[in-house]
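If you want the building blocks of each chain, they are given just below.
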Amino acid sequence: MEDIYEYLENEDCILFLCDETGCTLNMIGSASLQDKVGKLGFEKGTYWRDGIIGNNAINSSLKLAHEISTEGAEHYSLSLHEYSIYSAPIFSSEGRTIGCIAIILHERSSSSIFLSLMHSAAFSIASQISSEDVLFESNQHLSELNILLEGVEEGVLAWRKSGKIHYINNKANDLLGLSTSDQGKNISSILTLSARLKNAIRLEKKLDFFETTIESKGKLISLIASLKLFKNNNGEVERYILLLYPVRQIRNIVNQHSGNKARLNFDDLVFSSNEMSFVIKKCIQAAKGRGPILLRGEDGLDKNHIAQAIHNKSDRSSGPFISIDCQAIPKQAISSEFLGDIINDENSSPSKFELAHGGTIFLENIEYINTEVQAGLLHLLKTGLLNLLNRKIVPIDVRVIATSNIDLEHSVSEKLFRKQLLIELQTFDISIPPLRERLDDIESIVTRKLSYIESEKRRKFTIKKHVLEALKLYPWPGNHRELRNVIERAANFTESGEIDIGDLPNIIIRKVSNQGSDEISKSNNLSEIQSKAIIRSAKSNKGKVKDMCSDLNIGRTTLWRKLKEYNIDLSQYK
């Protein structure tokens, strides 16, 4: 290149040497012209692509494998209309295009002789590319290029340590509201990065898949980003690469059945019983481990709350917590939700396992995942690798916490659930006893629920002691959830703010009446219970006998007899 330029020393021109992708490897020419094209963003590392700068000879010669010229207005970019470019491809010994040599000069100096000159120069360069050193340098550049172009389907923004932007792809332009004219500018002059990003750049520390906000031209833009560092052979950072993803792309997959943050700790869990204390101790021990956790128990036992507490107690507490109800995902969509889309287009989203990378994935009702997802999950637990539906294999660092309210061993015998997957999940196998087996927790749960209701309604609520005793007679098939719902309903029914037997649902009153209770009888006999139940039903059903009979589950004759016995006038409630 130096020999050619020396031959053309009276010409105001620049020679470019580019690789097969159109990336400028070297350039030599007059200082004045270099200064002009440098302001246009053309320098070492610049890509001569149609998608970046429009039609140009360098890109065309690489694509067509033939010497090409573009002169003046033949260029798409207005900034190049005053120049002419002549380019010739450089071929390897196997006939493969490995780059090109080009010359740029003022349009007024155009001449076909420059095309012949580039052809001769390309042939001369191809003849010299034979030594191992040159091949090694070429491979080094290709590796460098692969790192730069990693994730090209996302927005890519790259800049030098000095702050000068040298590459922006179209997706990044769209996400950040920039244009190709911003290439070559200092990043701080057009973008305001978040404090976390600035700190990572200062510490020369990479970041993976985090949510951030970037200010561009006075507009705040929320993005998911990854910061990568590009180092030279001495281990010194030369460039920064920011991979950008629109937040909406992530939020589309995190639907109403998923979450990404664990908010509860063990201190938020309410219990008084020895049985639950033992369970919590096992959960705290499990939080210190790394293997999968299987939480077993009936519905309504706050297994989601316990999973959040385990996550926040673990060394993954700063990572994502993705909560998924496997039963709620449609069968036809469950594979793509967990293993990604088959076609990876711009509308596709990462799998739920990818979203949980570095954190915890909570799989509620795991028995509902299909055999395909079971196989993928088993392979992930064994190898740390996830086989996506698009045949890509990605490394995933995630801890699995699963729940089930059925006998999984029976599902294994019925060949509905993989035996090896169950074995993997049983690293920490924790069973949570139902509420009916730990009656000491009822009062604690009631007290906590009433405190929440008081803060919402700004009103004081209490519950009579014999009512608490009555609650302990009920088997609570819905466990914690059912108990909380009953207390909220009772708080809405009571007028005085003091919850009594009559404020409880009829199903509980009947159960209490059938079982009997000495404690209850002392404070509140059956007649009083029935009377309050009928009055409450009359209020809610506006005195309609038919609806009251259905609500109380008694016959019309029985209702009239009770109305007369307790001197209740239905006309007061119509």
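Residues numbered from 1 in each chain as written. Predicted model: local features only at pLDDT ≥ 70, side-chain atom pairs only at ≥ 80, totals over all residues. Heavy atoms only, no water.

(A) Representation of the overall build of the chain in the model. Helix and strand counts for the chain come out as 25 helices and 20 strands. Per-residue burial over the chain gives 48% buried out of 574 residues. Taking contacts inside the chain between residues at least 6 apart in sequence as the whole, the part at least 24 apart equals 61%. (Helix = DSSP H or I, 4+ residues; strand = E, 2+ residues; numbered from the N terminus. Buried < 20%, exposed > 50% of the residue type's maximum accessible area, 1.4 Å probe, protein only. Contact = heavy atoms within 4.5 Å.)

(B) Local environment of the packing of aromatic side chains. Evaluation of the coordinates by the stated rule reveals eight aromatic pairs. Measuring from ring centre to ring centre gives 5.6 Å for Phe-338 and Phe-353, while their planes differ by 45°; the resulting arrangement is tilted. On the criterion of sequence distance, the pair formed by Phe-338 in helix H13 (residues 334-339) and Phe-353 in helix H14 (residues 352-355) is long-range, its members being 15 residues apart. The class for Phe-338 is buried, based on a relative accessible area of 0%. Judged by its relative accessible area of 0%, Phe-353 is buried. Centroid distance Tyr-474 to Trp-476: 4.7 Å. Interplanar angle 85°. Geometry classified as edge-to-face. Given the relative accessible area of 6%, Tyr-474 is considered buried. Residue class for Trp-476 comes out buried when judged on its relative accessible area of 0%. Counting every residue linked through ring pairs, the aromatic cluster contains Phe-16, Phe-42 and Trp-48. (Phe/Tyr/Trp six-rings, centres within 6.5 Å; stacked < 30°, edge-to-face > 60°.)

(C) Local environment of the packing of helix H24 (residues 545-552) against helix H25 (residues 556-565). Closest axis-to-axis distance for the H24/H25 pair is 10 Å, and the angle between their directions is 100°. With respect to H25, the element H24 is oriented roughly perpendicular. Counting all contacts with H24, which are made through Val-545, Lys-546, Met-548, Cys-549 and Leu-552, the residues of H25 involved are Arg-556, Leu-559 and Trp-560. Residues that form the contact of H24 with H25 fall into these classes: six nonpolar, no polar and two charged. (Axes fitted to C-alpha atoms, helices over the stretch in contact; angles between N-to-C directions. Parallel < 35°, antiparallel > 145°, perpendicular 65-115°, else oblique. Nonpolar A, V, L, I, M, F, W, Y, C, P; charged D, E, K, R; others polar.)

(D) Representation of the sheet that holds strand E7 (residues 165-168) within the structure. Reading across from one edge, E7-E6-E11-E10-E9-E8 is the order of the six strands in this open sheet, with antiparallel pairing throughout. Where the open sheet ends on each side, the last strands, each with one partner, are E7 and strand E8 (191-192). In the sheet, strand E9 (residues 207-216) pairs with strand E10 (residues 219-231) via eight bridges, with the strands oriented antiparallel. When the sheet's bridge partners are listed, Glu-215 is paired in E10 with Leu-220. (Pairing = 2+ DSSP bridges.)

(E) Quick peek at the nonpolar core. Counting residues in hydrophobic clusters, the biggest one holds 39 residues, and the most contacted among them are Val-446, Ile-463, Leu-471, Trp-476, Leu-483 and Leu-504. Elements supplying a minimum of two residues to this core: helix H18 (440-457), helix H19 (465-471), helix H20 (479-493), helix H21 (506-515), helix H23 (526-540), H24 and H25. In this structure Ile-463 touches Val-446, Leu-450, Leu-468, Leu-471, Ile-487 and Ile-499, once residues within four positions along its chain are discounted. (Core = buried A, V, L, I, M, F, W, Y, C linked by side-chain atoms within 4.5 Å.)

(F) Spatial organisation of unusual backbone geometry. Not every positive phi belongs to a glycine, and Ala-65 is a case in point at roughly 55°. Relative to the helices and strands, Ala-65 resides in the loop between helix H4 (57-64) and strand E3 (68-71). With phi around 55°, Glu-204 is a residue other than glycine that occupies positive phi space. Residue position: Glu-204 is located in the loop between helix H9 (195-202) and E9.

(G) Region of the structure containing empty space enclosed by the protein. A full pass over the atoms with the stated rule returns one cavity of 30 Å³ or more. Here the largest cavity defines a volume of roughly 40 Å³. If you trace the largest cavity, you find it lined by Gly-41, Glu-43, Lys-44, Gly-45, Thr-46, Ile-165, His-166, Gln-183 and Gly-184. Split by residue class, the lining of the largest cavity holds one nonpolar, six polar and two charged. (1 Å grid on protein atoms, 1.4 Å probe; cavity = no way out; pocket = protein on both sides within 12 Å on 5 of 7 lines; lining within 4 Å. Points joined across faces, edges and corners; volume = space filled by probe spheres on them.)

(H) Inspection of the side chain of Asp-19 at higher detail. Inspection of the secondary structure puts Asp-19 in strand E1 (residues 13-19). An unpaired buried charge is present at Asp-19: no salt bridge exists, and Arg-49, the closest side chain of opposite charge, is 7.7 Å distant. Polar side-chain contacts of Asp-19 include one of 2.8 Å to the side chain of Thr-21. (Lys, Arg positive; Asp, Glu negative; His and termini not counted. Salt bridge = Lys/Arg side-chain N within 4 Å of Asp/Glu carboxyl O. Polar contact = N/O pair within 3.5 Å; in protein donor to acceptor, adjacent residues only side chain to side chain.)

(I) Quick look at the sheet that holds strand E13 (residues 321-325). Ordered by their spatial adjacency, five strands build an open sheet running E13-E14-E17-E12-E18, and the pairing between neighbours is parallel. Looking along the sheet, the strands with just one partner apiece sit at the ends: E13 and strand E18 (428-431). Across the sheet, the mean angle separating the axes of adjacent strands is 15° when strand polarity is ignored. Two elements, E13 and strand E14 (residues 360-364), share five bridges in a ladder whose sense is parallel.

(J) Up close: the side chain of Asn-173. Structurally, Asn-173 can be placed in helix H7 (residues 170-176). Asn-173 sits in the buried class, given a relative accessible area of 6%. With near-sequence residues (within four places) excluded, Asn-173 lies in contact with Ile-168, Leu-178, Ser-179 and Thr-180.

(K) Spatial organisation of H20. Between its first and last C-alpha atoms H20 spans 21 Å; for 15 residues at 1.5 Å apiece the expected length is 21 Å, and the two agree. When we look at burial in H20, the residues that qualify are Asn-479, His-480, Glu-482, Leu-483, Val-486, Ile-487, Ala-490 and Ala-491. (Expected span 1.5 Å × (residues − 1).)

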